[in-house]
Each structure stands twice: as structure tokens, then as C-alpha cells.
Amino acid sequence: MSYQPSALQVQREVAKRRASRRSTLIALTSTLAFGTLIALVVTGAQGYERVKASFFNWHYAKQALPSVAHGLLLNLRVLILAEFFVLVFGLLIAIARTTTSPVLYPVRLLATIYTDLFRGLPLLLVLLLVGLGIPGLRISWIPNSAVVLGTVALVLTYSAYVAEVIRAGIEGVNPTQRQAARALGLTQSQTLFLS
């Protein structure tokens with residue numbers, strides 16, 4: 001015998017479908033009305049023709065496309081390079097923050113100060129400090145390329161965030177799991193590697 005819904009269940013399903021269609025229709029209507037209102041306000045504005053000539057000109061868009069494509073590829077290269085260093089530095093900082101050895105207290109303190117400082121600074125400020133401050137020092141062996149300095153600023157900022165995520169994952173391991181690993185004869189570093 002196959003399942004047969006009750007009459008009450010069928011009514012609920014019909015009401016649910018009707019309510020879903022109604023809410024979809026209301027959302028579609030309000031979106032179209034809002035879009036039409038914005039289009040009327042923008043196209044009826046006094047300076048619309050200048051904005052149209054500046055931002056919506058196909059001739060200039062075709063001329064700018066190679067520069068935009070070059071910038072996009074540069075952005076992707078910086079992203080890949082910065083991501084690698086962010087992951088490496090984030091992992092090292094997270095491990096430094098989770099050490100329990102009294103000898104490594106200064107390292108743990110520096111890692112804590114670093115993460116708190118760079119998580120509190122906006123990326124734009126770090127970009128300005130690195131991009132203008134480092135060239136201002138006029139140290140000959142430090143590169144002054146905007147790409148390199150921008151990558152350094154990204155790595156400084158986001159490695160602090162990634163370090164906190166990794167540290168939370170490490171500390172999220174239940175202490176009894178670590179104790180069990182230690183009871184099996186694993187060292188502290190092996191326990192950290194396995195968790």
C-alpha cells in the first residue's frame with residue numbers, strides 16, 4: 001500500500017504552494033517597480049548626459065578593455081602570491097600562539113600583539129603605511145614596486161585573520177583527544193600535527 005496524504009495535508013500543501021507563488025509575484029513586482037523608479041530618477045537627472053558620456057560610452061569601453069584586462073590579470077597574480085604567503089605566515093603565527101612552552105613566551109607574546117594589531121587596522125591604512133612609509137625610508141635593498149608593497153600589505157593584514165582561524169581550529173580540538181594522543185606516546189608536536 002502506497003502513502004496517501006490526508007485531506008488536511010493536501011490542503012496544507014496547496015496553501016503552501018499558493019503562498020509561495022504569491023510571495024514570488026510580490027517580490028518580482030516590487031523589484032521591477034523599484035528598478036523602474038531608479039531608472040527614472042537616474043535618466044531624469046540633470047547631469048545624466050555627462051554621466052552617460054563618461055561611464056556608458058561603448059567607444060571608450062573598447063579602448064579601456066586592454067588596460068582593464070591587464071589590471072585583472074595583475075590582480076589575480078597578486079592574489080595567488082599573497083594567498084600563499086598568508087597561509088604560510090598564518091599557520092606559523094597560529095602555531096606560535098598555541099605554544100605552551102615557557103621558553104617561547106616572547107614568541108607567543110609577539111604573535112598575540114601582531115594578530116591583535118593587524119586585525120584592528122583597516123587594510124586601507126596598512127596599504128598607505130606600507131605603500132608610502134617603506135619607500136619613504138629610502139632603504140636601497142627594499143623594492144619600491146607598488147605591486148610588491150601592495151602584496152606585503154595584504155599579507156600583513158590577512159595573515160593575522162587566518163592565524164586566528166587556524167588557532168581557533170587548533171584550540172577547538174577537545175583536550176581529551178590530545179591527552180589520548182599523549183597517552184599513546186606521541187610527542188606534543190606529533191599531537192599538534194595529528195589534531
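The shown structure was predicted, so the numbers you read here are calculated from the model rather than taken from an experiment. (Residues numbered from 1 in each chain as written. Predicted model: local features only at pLDDT ≥ 70, side-chain atom pairs only at ≥ 80, totals over all residues. Heavy atoms only, no water.)

A. Region of the structure containing helix 3 (residues 58–98). With 41 residues, helix 3 should reach 60 Å at 1.5 Å per residue; the first-to-last C-alpha distance of 55 Å fits that figure. Approximately 40 degrees is the largest bend angle found in helix 3, and it occurs at A64, with the proline P66 only one to four residues beyond. On its buried face, helix 3 is in contact with helix 4 (105–120) and helix 6 (146–171). Of the residues that open helix 3, the one with a side-chain oxygen 2.9 Å from the backbone nitrogen of H59 is N57. (Helix = DSSP H or I, 4+ residues; strand = E, 2+ residues; numbered from the N terminus. Expected span 1.5 Å × (residues − 1). Bend = angle between axes of the 7 residues up to and from the residue. Contact = heavy atoms within 4.5 Å. Polar contact = N/O pair within 3.5 Å; in protein donor to acceptor, adjacent residues only side chain to side chain.)

B. Quick look at the side chain of T115. Secondary-structure assignment places T115 in helix 4. Overall, T115 belongs to the buried group, its relative accessible area being 0%. For T115, the contacting residues outside a window of four places in its chain are I93, R97, A160, A163 and E164. (Buried < 20%, exposed > 50% of the residue type's maximum accessible area, 1.4 Å probe, protein only.)

C. Representation of the packing of helix 3 against helix 4 in the model. Running from N to C, helix 3 and helix 4 cross one another at 125 degrees; their axes reach a closest spacing of 8 Å. In this view, helix 3 runs oblique relative to helix 4, as classed from their interaxial angle. The handedness of the crossing between helix 3 and helix 4 is left-handed. Residues I93, A96 and R97 of helix 3 pack against V107, R108, A111, T112, Y114 and T115 of helix 4. Class assignment of the residues belonging to the contact of helix 3 with helix 4 gives a composition of five nonpolar, two polar and two charged. (Axes fitted to C-alpha atoms, helices over the stretch in contact; angles between N-to-C directions. Parallel < 35°, antiparallel > 145°, perpendicular 65-115°, else oblique. Left-handed = near helix turned anticlockwise from the far one by under 90°. Nonpolar A, V, L, I, M, F, W, Y, C, P; charged D, E, K, R; others polar.)

D. Representation of the confidence of the model for the chain within the structure. When pLDDT is averaged along the chain, the result is 89; 97% of the residues meet or exceed 70. Summarising per-element confidence for the chain, the mean pLDDT is lowest in helix 8 (residues 188–194) (69) and highest in helix 4 (94). (pLDDT = per-residue confidence, 0-100.)

E. How the structure looks around the packing of aromatic side chains. According to the stated counting rule, one finds four aromatic pairs in the structure shown. Consider the rings of Y114 and F118, whose centres lie 4.8 Å apart with planes at 45 degrees: the pair is tilted. With Y114 and F118 both in helix 4 and four residues apart, this pair spans about one turn of that helix. Centre to centre, the rings of Y158 and Y161 are 6.0 Å apart; their planes meet at 40 degrees, and the pair counts as tilted. Of this pair, Y158 and Y161 are both found in helix 6, three residues apart, which corresponds to roughly one turn of the helix. A relative accessible area of 38% means that Y158 is categorised as partly exposed. Here Y161 falls in the partly exposed class, since its relative accessible area comes to 35%. Through successive ring pairs, a cluster of aromatic residues spans F84, F85 and F89. (Phe/Tyr/Trp six-rings, centres within 6.5 Å; stacked < 30°, edge-to-face > 60°.)

F. The arrangement of the nonpolar core in detail. The biggest cluster of nonpolar side chains holds 12 residues, and these are I93, A94, A96, A111, Y114, F118, V126, V130, L149, A153, A160 and A163. Elements supplying a minimum of two residues to this core: helix 3, helix 4, helix 5 (123–137) and helix 6. The biggest single contributor to this core is helix 6, with four residues. Every residue in contact with A160, bar those within four places of it in the chain, is listed here: Y114, T115, F118 and R119. (Core = buried A, V, L, I, M, F, W, Y, C linked by side-chain atoms within 4.5 Å.)

G. Main features of the pattern of salt bridges. Inspection of the entire model under this criterion finds four salt bridges. Residues E164 and R119 are paired through a salt bridge, measuring 3.6 Å at the closest nitrogen-oxygen approach. Highlighted residues: E164 in helix 6 and R119 in helix 4, separated in sequence by 45 residues. Using a relative accessible area of 14% as the deciding quantity, one classes E164 as buried. Residue classification places R119 among the partly exposed positions, given a relative accessible area of 36%. (Salt bridge = Lys/Arg side-chain N within 4 Å of Asp/Glu carboxyl O.)

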